Amino acid sequence: LGLVGMIDPPRPETIDAIKKCHNASLKPIMITGDHAETAFAVAKQLGIAVKKTQVITGEQLNKMSDNELLEKIHRYTVFARVSPDHKVRIVKAFQKLGKVVAMTGDGVNDAPSLKIADIGVGMGITGTDVTKDVADMIISDDNFATIIIAIEEGRKIYSNIQKTIQFLL
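Predicted model only: the values in this text are computed from it and were never measured.

Enquirer: Quick question: what am I supposed to make of the side chain of Asn143 here?
Expert: In this structure, Asn143 sits in the loop between strand E6 (137-139) and helix H8 (144-168). You can call Asn143 buried: its relative accessible area is 10%. Apart from residues no more than four positions distant in its own chain, Asn143 is found in contact with Arg11, Glu13 and Thr14.

Spelled out as structure tokens, the structure:
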């Protein structure tokens with residue numbers, strides 16, 4: 001008999017990037033096919049979830065109507081054991097609430113939700129060709145922290161454009 005344990009710890013820069021998200025009024029959400037306990041453990045390490053009540057499974061999503069999901073979706077930061085259909089439903093729910101949704105993914109199962117998200121972000125190294133084709137933006141190093149850096153730069157550019165227009169007017 002034997003026991004083998006494996007862990008793929010989060011990158012340290014991802015934890016810092018999640019903190020930056022919270023400081024920048026961005027709400028990071030984890031959507032995964034992993035088991036709810038595994039997803040919660042990772043989300044807790046990253047600072048995405050604090051309590052198990054912030055986790056919902058695909059099976060629980062199936063039992064909710066669209067209106068019920070709209071009412072309760074703000075409670076959850078981790079969606080576990082989800083299918084591609086669930087991912088699309090989650091993205092659409094946030095969009096119905098007026099949120100701008102960025103979705104990241106690397107597999108064929110992520111393609112539908114990347115396509116309907118306001119900003120689809122594909123992974124350049126591990127991403128499939130299908131994912132890269134539907135993505136609006138491709139992250140060349142597959143690092144979540146790179147997305148946060150891009151948002152920071154984009155906000156600076158937006159601010160500079162605003163200042164230029166104000167100056168010209």
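Read on, since the account is not over.
Enquirer: How should I be thinking about the environment of Val42 in this particular structure?
Expert: You can see Val42 is positioned in helix H2 (residues 36-46). Here Val42 falls in the partly exposed class, since its relative accessible area comes to 28%. The sequence separation of Val42 and Thr53 amounts to 11 residues, and the corresponding C-alpha distance is 15 Å.

Enquirer: Honestly, the sheet that holds strand E2 (residues 55-57) in this entry has me stumped. Any pointers?
Expert: Sheets are built from strands that pair by backbone hydrogen bonding, the pairs being arranged parallel or antiparallel. Ordered by their spatial adjacency, three strands build an open sheet running E1-E3-E2, and the pairing between neighbours is parallel. Of all strands in the sheet, those bounded by a partner on one side alone are strand E1 (30-31) and E2.

Enquirer: In this structure, what is going on with the packing of aromatic side chains? I would like to understand it.
Expert: Here the distance between the centres and the angle between the planes together describe a pair of aromatic rings. Applying the stated criterion to the full structure yields one aromatic pair. The interplanar angle of 65° and the centroid separation of 6.2 Å between the aromatic rings of Tyr76 and Phe79 together place this pair among those described as edge-to-face. Given a relative accessible area of 10%, Tyr76 falls into the buried group.

Enquirer: Explain helix H5 (residues 84-96) here, please?
Expert: Each α-helix winds once per 3.6 residues, and so residues spaced three or four apart point in a common direction. Taking 1.5 Å as the rise per residue, H5 with 13 residues should run 18 Å; its terminal C-alpha atoms sit 19 Å apart, in good agreement. Turning to H5, its buried residues are His86, Lys87, Val88, Arg89, Ile90, Val91, Ala93 and Phe94. If you follow the buried residues of H5, they end up packed against E1, helix H3 (58-62), helix H4 (66-72), strand E3 (78-80), strand E4 (102-105) and helix H6 (111-116). Immediately beyond the C-terminal end of H5, within one or two residues, lies Gly98, with a positive phi of roughly 85°.

Enquirer: Explanation requested: the pairing of strand E5 (residues 119-123) in the structure shown.
Expert: Looking down a regular strand, the side chains alternate between one sheet face and the other. Most of E5 is tucked away, with four of its five residues classed as buried. In the sheet, E4 pairs with E5 via four bridges, with the strands oriented parallel. Of the residues in E5, the one forming a bridge with Gly105 is Gly122. Read from E4 through H6 to E5, the crossover connection turns out right-handed. Sheet topology places E5 next to E6; three bridges connect them, and they run parallel. Among the inter-strand pairings, Val121 is bridged to a residue of E6, identified as Met137.

Enquirer: What is the right way to read unusual backbone geometry from this model?
Expert: One can expect most non-glycine residues to show negative phi and most peptide bonds to be in trans. Positive phi outside glycine occurs at Ser25, with the angle close to 60°. With respect to the element layout, Ser25 can be found in the loop between helix H1 (12-23) and E1. With a relative accessible area of 70%, Ser25 lands in the exposed category. One non-glycine residue, Arg81, adopts positive backbone phi at about 50°.

Enquirer: It is not clear to me how the pattern of salt bridges should be interpreted in this structure. Could you clarify?
Expert: Applying the stated rule across the entire model yields seven salt bridges. With its nearest N and O atoms 3.8 Å apart, the salt bridge here joins Lys20 to Glu152. Of this pair, Lys20 sits in helix H1 while Glu152 sits in helix H8, and the two are 132 residues apart along the sequence.

Enquirer: Honestly, the environment of Met30 in this entry has me stumped. Any pointers?
Expert: Tracing the sequence through the fold places Met30 in strand E1. On the accessibility criterion, Met30 (14% relative accessible area) is buried. As a C-alpha pair, Met30 and Val42 span 12 residues in sequence and 9.5 Å in three-dimensional space. With residues up to four places along the chain from it excluded, the contact list for Met30 reads Ala39, Val42, Ala43, Leu46, Ile48, Thr77, Val78 and Phe79.

Reading the values: rules and limits
- Residues numbered from 1 in each chain as written.
- Predicted model: local features only at pLDDT ≥ 70, side-chain atom pairs only at ≥ 80, totals over all residues.
- Heavy atoms only, no water.
- Helix = DSSP H or I, 4+ residues; strand = E, 2+ residues; numbered from the N terminus.
- Buried < 20%, exposed > 50% of the residue type's maximum accessible area, 1.4 Å probe, protein only.
- Contact = heavy atoms within 4.5 Å.
- Pairing = 2+ DSSP bridges.
- Phe/Tyr/Trp six-rings, centres within 6.5 Å; stacked < 30°, edge-to-face > 60°.
- Expected span 1.5 Å × (residues − 1).
- Right-handed = clockwise from strand over helix to strand, strands pointing away.
- Salt bridge = Lys/Arg side-chain N within 4 Å of Asp/Glu carboxyl O.

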